[in-house]
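The primary structure of each chain is shown beneath.
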Amino acid sequence: MNFRLAGKASALALVTALSFSLGACATSTSSASAGEVSSPMQSNRIGVPAAFSSAEATVAAAMAGMAVSDRAAQAYVTDTHSYARPNEAAVKHVDLNLTADFEAKTLSGYANLVVALQQGAREVVLDAKNLDIKSVRNGSSGAAMPFTLGASDPIKGQPLIITIPQAMAASQIDISIEYATRPDASALQWLSPQQTAGGKKPYLFSQGQAILTRTWIPTQDSPGIRQTYSARIVVPEGLRAVMSAEDRTRTDEAIDQGTQAFSFALDKPIPPYLIALAIGDIEFKAFDERTGVWTEPSRLAASHHELEPTAEMVDAAEALYGPYQWGRYDLLVLPPSFPFGGMENPMMTFATPTIIAGDRSLVSLVAHELAHSWSGNLVTNATWDDFWLNEGFTSYFENRIMESIYGHDAAVQEQVLAWTGLQEELVTLDPADTRLKLELEGRDPDEGMNTIAYDKGAAFLRTIERIVGREKFDVWMRGYFERNAWRPMTTDRFLEDIRTHLVKGDAQLERALMMEQWIHQPGLPSNAVAPVSNAFTVVDQAAQAFYVAKGPASAIPWANWNTQQRQHFLSWRPTDGAKSWLTQAQLADLDRTLDLNAVGNSEVLFAWLQVALAHRYEPSVATADKFLTSVGRRKFVLPLFNTLWAQGDWGQPIARRIYAKSRPLYHPVTTNSVDAVVGRP
């Protein structure tokens, strides 16, 4: 790969900067009509001329994004999970020029950073973990810059400390870093052809949340340090690259034989965990002019049918809380090893194939990731201690989208399922971890990613809505997103905002909301109200008849229930906390009558396996083996291994045997969690 260090931005660069700004500020449209198979945004591609070097592109795209960033006052918060010192030197733009090597399992090339300097700054401190740093140069002059990699921390990685020449008194510096990732980079999963649906071509995807971006990009990897980005990604011929940014690929760019290049740019500042890349044999099909789905060709028809409500969801979300700010909203349905249900990467949600149920019963996940376009991507938790500000708001917003499209009853069913899961977490977690405001210093922030942030956070916001009324709440919520767009948010800033714009000095309302208790105390405050779904009444009656009265499974009206009702039935647990509540005969009756070991819906199958394995039901072991070796979603994988492990002499050998086969298929996010339970094979 050739790379030229360029001088200062030329007139050509300035013209391109203007093009970037105008192109990304407008809502992107696809030349494909709804249902047509094509690549989105072909009609408004803006390519970087061949003479326009990577360093110039860095400056140009950064100029467009800084205007957005400057609209909100920047107030950096100390992030104990980052080495960065943004109050001295802050990364404003990242420009990547990388080549993907599937044989070596590495990305190599350059990260070109635009860094804003405060007066007297002498160092730029970045986050890096398991990166091979080859050189650091001044992006304008090409001069080498001294750098050191500090001591390594198992969670945070290393500080990459770059010395700024004393003679430099500028307010901004361009830094070019030549580097390569390693095959074990935690953010990247390299899949063999056999691990894909097509079985013929390899695949790569990234997952940056929470602090994994530093394993593939040397930058300031903190959610409170927003950055624009651009990229040129070179991949083997026959593969397609996509990113969480606008496609700016040129079809006439000269490349080496056997490779092809894709270019991207996002001129809106984002937290670095949202920089995302996927490379594979993928195709696109539109839902409408601004939404569509990418996935492997053999899965495209099913994914398009399943996720078609996406377009309507975007409209519903805008009607609730204001304009969608990101241009396109597409989904990428990934191979099964993806560790999460979805990842809210801007412009392109990465999603697990486990939501493709065939009946659109699991599309609430799309509503959740879409809602992140406001809560998380637009208004972002400043540190991972405030994770609930991302996920609690998003879970509430998700449910409002579902209510808007599918009705009140459907939304309440989702609330009840979440409430049931929340009660289980409140019992099993350390009380300190059941607070909304966390203290994660010295711990991996993944440890804070449990249902407390999601479901207690959403319950808190529903409590506020119930007390003040929906109309007033929605006015405040919409204003909250508008006032705090493009800036990091802390719990203290949230409290200041809601007290200023909703409570407005009303002492009685302040007492009724109990906000300090919700945020800073374990468990649930006394004003928490459990949601009740009339649709679950018949389910509860059937559960009592089967689980308690020991009636036949044939009496369960299973065929008349939706997915949420089936989940609710299988989630029934005795109130006395008994670890066993079914006989082997009852389990066999359930399995035989409802054909549970053959169910295709991943949520229902997971709920069944949790029950069956907890009771050492042997016929479920083969099903668990198949499920755990074909799905990498941590939500399913970790609890099932926990359940097996809790079964001692019966379950632990099964867990070890299955994990020895399935571990190579999982993303590091999942293996890191399961290793702590089963141990590394």
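Chains are numbered independently. Their residues run from 1 in the order of the written sequence. Where totals are concerned, whole chains, interfaces and linings use all residues; where local detail is concerned, this predicted model gives features only for residues with pLDDT of at least 70, and gives and counts side-chain atom pairs only at 80 or more. Note: side-chain values were computed over all heavy atoms of the structure, leaving out hydrogens and water.

1. A closer look at the overall build of the protein
Filter applied, for reference: Strands are runs of DSSP state E lasting at least two residues, helices are runs of H or I lasting at least four, and both sets are numbered from the N terminus onward. By definition, residues are in contact when any of their heavy atoms lie within 4.5 Å. Surface accessibility follows the Shrake-Rupley procedure with a 1.4 Å probe radius. Residue values consider only the protein chains on display as shielding.
Broken down by element type, the protein carries 20 helices and 21 strands. Of the contacts formed within the protein by residues at least 6 apart in sequence, a portion of 73% connects residues at least 24 apart. Counting only carbon and sulfur atoms, one obtains 51% of the accessible surface of the protein, whose full area is about 25,400 Å².

2. Concerning unusual backbone geometry
Note the following rule: Here the term buried applies to any residue with accessible area under 20% of the maximum for its type, exposed to any over 50%, and partly exposed to those in between, with areas from a 1.4 Å probe on protein chains only.
Note the cis peptide between Gln209 and Ala210, where omega equals 5°. Note that Ala210 resides in the loop between strand 9 (203–206) and strand 10 (227–236). One non-glycine residue with positive phi stands out, namely Arg360, at about 60°. Structurally, Arg360 is set in the loop between strand 19 (348–351) and helix 5 (364–371). The phi dihedral of Met514 falls on the positive side, at around 55°, and the residue is not glycine. Residue Met514 is classed as buried on the basis of its relative accessible area of 15%.

3. Considerations on the side chain of Glu398
Positionally, Glu398 belongs in helix 6 (residues 388–406). In this structure, Glu398 is in contact with Ser364, Ala367, His368 and Ala371, ignoring residues within four places of it in sequence.

4. Describing the sheet that holds strand 3 (residues 123–128)
What counts, and what does not: We treat two strands as partners when DSSP finds at least two bridges between them. Note on method: axes are straight lines fitted to C-alpha atoms, helices fitted across the in-contact stretch only, with angles between N-to-C directions ranging 0 to 180 degrees.
An order of 3-6-5 is seen for the 3 strands of this open sheet, with the pairing classed as antiparallel. Bordering the open sheet on either side are strand 3 and strand 5 (147–149), each of which pairs with just one other strand. Within the sheet, the average angular offset between the axes of one strand and its neighbour, ignoring direction, is 20°. Relative to strand 6 (residues 158–163), strand 5 runs antiparallel, the two sharing 3 bridges. Paired with Thr148 across the bridge in strand 6 is Ile161.

5. Some words on the confidence of the model for the protein
Should the pLDDT be low somewhere, the predicted coordinates at that spot are not to be read in detail. Definition in use: For every residue, the predictor reports its confidence as pLDDT, a number between 0 and 100.
Averaged over every residue, the pLDDT of the protein is 89; the share at 70 or more is 88%. For residues 1–59, every residue scores under 50 in pLDDT, and the model assigns this stretch 133 contacts once sequence neighbours within four places are set aside.

6. Concerning the packing of aromatic side chains
Using the following cut-off: Any Phe, Tyr or Trp ring, taking Trp's six-membered ring, that has another such ring centre within 6.5 Å forms a pair; planes under 30 degrees apart are called stacked, those over 60 apart edge-to-face, and the others tilted. Any Lys NZ or Arg CZ that is within 6 Å of a ring centre and within 35 degrees of that ring's normal is treated as a charge sitting over the ring.
According to the stated counting rule, one finds 41 aromatic pairs in the structure shown. Ring geometry for Phe205 versus Phe338: centroids 5.7 Å apart, planes at 70°, classification edge-to-face. With Phe205 in strand 9 and Phe338 in the loop between strand 17 (329–333) and strand 18 (342–343), this pair connects stretches of sequence that are 133 residues apart. The pair formed by Phe205 and Phe338 is uniform in burial state, with each residue classed as buried. Summarising the aromatic geometry, the rings of Tyr547 and Trp572 are spaced 4.7 Å apart at their centres and angled 5° between planes, so their arrangement reads as stacked. Taken together, the residues span a long stretch of sequence, with Tyr547 in helix 13 (residues 537–548) and Trp572 in the loop between helix 14 (563–570) and helix 15 (584–594) at a distance of 25 residues. We note Lys156 situated over the ring of Tyr83; from NZ or CZ to the ring centre the distance is 4.3 Å.

7. Comments concerning the sheet that holds strand 1 (residues 89–101)
Within the open sheet, the 7 strands sit side by side as 4-7-2-1-10-13-12. Their pairing is mixed. At either margin of the open sheet sits one strand with a lone partner, and together these are strand 4 (132–138) and strand 12 (246–247). Across 9 bridges, strand 2 (residues 106–117) lies against strand 7 (residues 172–180) in antiparallel orientation. Bridge pairing in strand 7 links Asn112 to Ser176.

8. Remarks on helix 20 (residues 668–678)
With 9 of 11 residues buried, helix 20 is to be regarded as a mostly interior element. Listed in full, the buried residues belonging to helix 20 are Pro668, Val669, Thr670, Thr671, Ser673, Val674, Asp675, Val677 and Val678. On the buried face of helix 20, the contacting elements are strand 8 (188–191), helix 18 (634–645) and helix 19 (648–662). Within two residues after helix 20, Gly679 carries a phi angle of roughly 90°, on the positive side.

9. Here we look at helix 7 (residues 408–428)
Defined as follows: Each helix should span, by expectation, one fewer than its residue count multiplied by 1.5 Å.
Over its 21 residues, helix 7 extends 31 Å from the first C-alpha to the last, a length consistent with the 30 Å expected when each residue adds 1.5 Å. Along helix 7, the residues that are buried comprise Ala411, Val412, Gln413, Glu414, Gln415, Val416, Leu417, Trp419, Leu422 and Glu425. Where the residues of helix 7 are buried, they touch helix 5, helix 6, helix 8 (451–468) and helix 14.

10. Here we look at the nonpolar core
Selection criterion: To define a nonpolar core, start from buried Ala, Val, Leu, Ile, Met, Phe, Trp, Tyr and Cys residues and group those joined through side-chain atoms within 4.5 Å.
Trp216, Ile401 and Phe494 are the most contacted members of the largest nonpolar core, which has 144 residues in total. With residues up to four places along the chain from it excluded, the contact list for Ile401 reads Met313, Ala316, Ala317, Leu320, Ala367, Leu370 and Ala371. By size, the runner-up hydrophobic cluster in this structure holds 51 residues, among which are Phe569, Trp572, Val637 and Tyr659.

11. A few points about the environment of Tyr617
Selection criterion: Any pair of N or O atoms that falls within 3.5 Å is considered a polar contact. Within protein, one atom must be able to donate a hydrogen and the other to accept it, and sequence-neighbouring residues count only if both atoms are side-chain atoms.
Of note, Tyr617 is situated in the loop between helix 16 (602–614) and helix 17 (621–628). Remark: the alpha-carbon pair of Tyr617 and Thr583, spanning 34 residues in sequence, is separated by 9.4 Å. Contacts of Tyr617, omitting those with residues within four sequence positions, involve Gln584, Leu587, Ala588, Asp591, Asn597, Trp608, Ala612 and Trp650. Side chain to side chain, Tyr617 and Asp591 meet in a polar contact 3.0 Å long.

12. Re the environment of Ser337
Topologically, Ser337 is positioned in the loop between strand 17 and strand 18. Judged by its relative accessible area of 7%, Ser337 falls in the buried class. The residues contacting Ser337, other than those within four sequence positions of it, are Gln189, Leu191, Phe205, Gly632, Leu665 and His667. At 3.1 Å, the side chain of Ser337 forms a polar contact with the side chain of Gln189.

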